[in-house]
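Observations on the model geometry
These are the residues of each chain, in order.
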Amino acid sequence: MKTNSFDFELPEALIALEPAVPRDASRLLVVTPGRTPDADAAFEDDTVLALPRWLQPGDALVFNDTRVLPTALEGRRHRGAPPSQTSADQPADMSTPGPRIRLNLYERVDAKRWRAFARPARKLEAGDMLVFADDDPTGAPGLTARVDSKGEGGALTLAFDVSGDALDARLRVTGAMPLPPYIANRRAARDEDATRYQTVYARHDGSVAAPTAGLHFTPRLFDALKARDIACHFLTLHVGAGTFLPVTADDVEDHSMQPEWAQVSQTTCDALNDVRARGGRVVAVGSTALRSLETASDAAGVLRAFEGPTALFIKPGYRFRVVDAFMTNFHLPRSTLFMLVSAFAGLETMQHAYAHAMAARYRFYSFGDACLLFPSSGVQQGLAQAERARAPS
């Protein structure tokens, strides 16, 4: 399938630079594909706060509880050792600060190494030291890293001076939220981004981007879901930058997903298997929750505990096994995310849904509005087949 089938033009004015206040005031486009291939899809405009009325008692929402690390860094290049590591016998110019460098960490390699994109990358070489924060008079430690290697397109591998939890702790002090470039390039970062670009239920550090469908949820919305007897369950997938990158290959089949670490506990699996056995629906909140669930399910739609990398690429033709409905934001053209929603609700349906959203001035991307998708007839048939396969003979 050609990648340009998933292209569309979005007016720049519809890209949200700020989130809705309160979070659950975002708009919600409810998309119900035609029950037969020749039937028109139905679109209904609502708000996220009204989500419970679109679900049924006994349904279950599934959330990704990853926490975004502040992985946007700004510092100085030092050729040789940084100032705190210089000695009397070193040449003075070895610790002279060089140009200011901006970095976005995008993939953890191990306990102390990350891959990163740098600007301007041309001013860096392997062996350079980067100083992001010097030790301050209060005794708080600084943060430095060495450029281990340099690749194409500004990509680097950095080795930090600390590792593991200590590195994460220093990032929380030194770094800033890694807002997507379509936001960061159009406005200055703000202190409040540290909370606004984080879900209210985030628990486990590890992502370089937020699971954006979850940004809409508030304590009062969780209370409303509970009052309607709709359960909430959690899993973890640490979001990498590759999830949001446009597909550059001409043919969709030539694109490879970057692996992301996910964990779906046996407790969550047992609860969701029970929901489906009682006739309830599993509703994924966000593409990362959906991909984690589909990774953890077998061919019959039975969920089993999973921990490890997933590079599941969901595109039209994929047979869904466990997710019965799907809440997500509006995504970039030519992205794997738009391909995923097209696989779930149908490409033509999603093209019409996005045209409706643009005409109605919905707000797009990470800080934008949301849609609630019910499956296309083909997906419904696949879910029904999985249900029959798991039924006892």
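Everything here concerns the structure above.
Calculation criteria
Residues numbered from 1 in each chain as written. Predicted model: local features only at pLDDT ≥ 70, side-chain atom pairs only at ≥ 80, totals over all residues. Heavy atoms only, no water. Helix = DSSP H or I, 4+ residues; strand = E, 2+ residues; numbered from the N terminus. Buried < 20%, exposed > 50% of the residue type's maximum accessible area, 1.4 Å probe, protein only. Salt bridge = Lys/Arg side-chain N within 4 Å of Asp/Glu carboxyl O. Pairing = 2+ DSSP bridges.

**A closer look at unusual backbone geometry**
Following Val21, the chain continues into Pro22 via a peptide bond in cis, with omega recorded as -10 degrees. Counting through the fold element by element, Pro22 comes out in the segment before β1 (27-32). Of the consecutive residues Arg119 and Pro120, the connecting peptide bond is found in the cis state with omega at -5 degrees. Structurally, the position occupied by Pro120 is in the loop between β7 (113-119) and β8 (129-133). The backbone of Arg334 shows a phi angle near 60 degrees, a positive value even though the residue is not glycine. Among the secondary structure elements, Arg334 is positioned in the loop between β16 (325-329) and α7 (336-345). Residue classification places Arg334 among the partly exposed residues on the basis of a relative accessible area of 23%. Although it is not a glycine, Tyr365 sits at a positive phi angle of roughly 75 degrees. Relative to the assigned elements, Tyr365 resides in the loop between α8 (347-359) and β17 (370-373).

**A look at the pattern of salt bridges**
Under the counting rule described, the total for this entry stands at 25 salt bridges. Note that Arg220 and Asp24 form a salt bridge whose closest N and O atoms lie 2.8 Å from each other. You can see Arg220 sitting in helix α4 (residues 219-227) and its partner Asp24 sitting in the segment before β1, a full 196 residues away along the chain. Residue classification places Asp24 among the buried positions, given a relative accessible area of 0%. Here Arg108 makes a salt bridge to Asp168, at a shortest N to O gap of 3.3 Å. Placement of the pair is Arg108 in strand β6 (residues 100-108) and Asp168 in helix α1 (residues 164-174), with a sequence separation of 60 residues. The class for Asp168 is buried, based on a relative accessible area of 8%. Bridged by salt links that share partners, the residues Glu18, Arg187, Arg190, Asp193 and Arg196 form one connected network.

**Here's the deal with the pairing of strand β12 (residues 231-237)**
Two strands pair when backbone bridges link them, and strand β3 (residues 60-64) and β12 are joined in this way by five bridges, in the parallel orientation. Bridging from a neighbouring strand, Val62 pairs with His233 of β12. Both β12 and strand β13 (residues 260-264) contribute to a ladder of two bridges, which runs antiparallel. Across the sheet, Thr236 pairs through a bridge with Gln263, a residue of β13.

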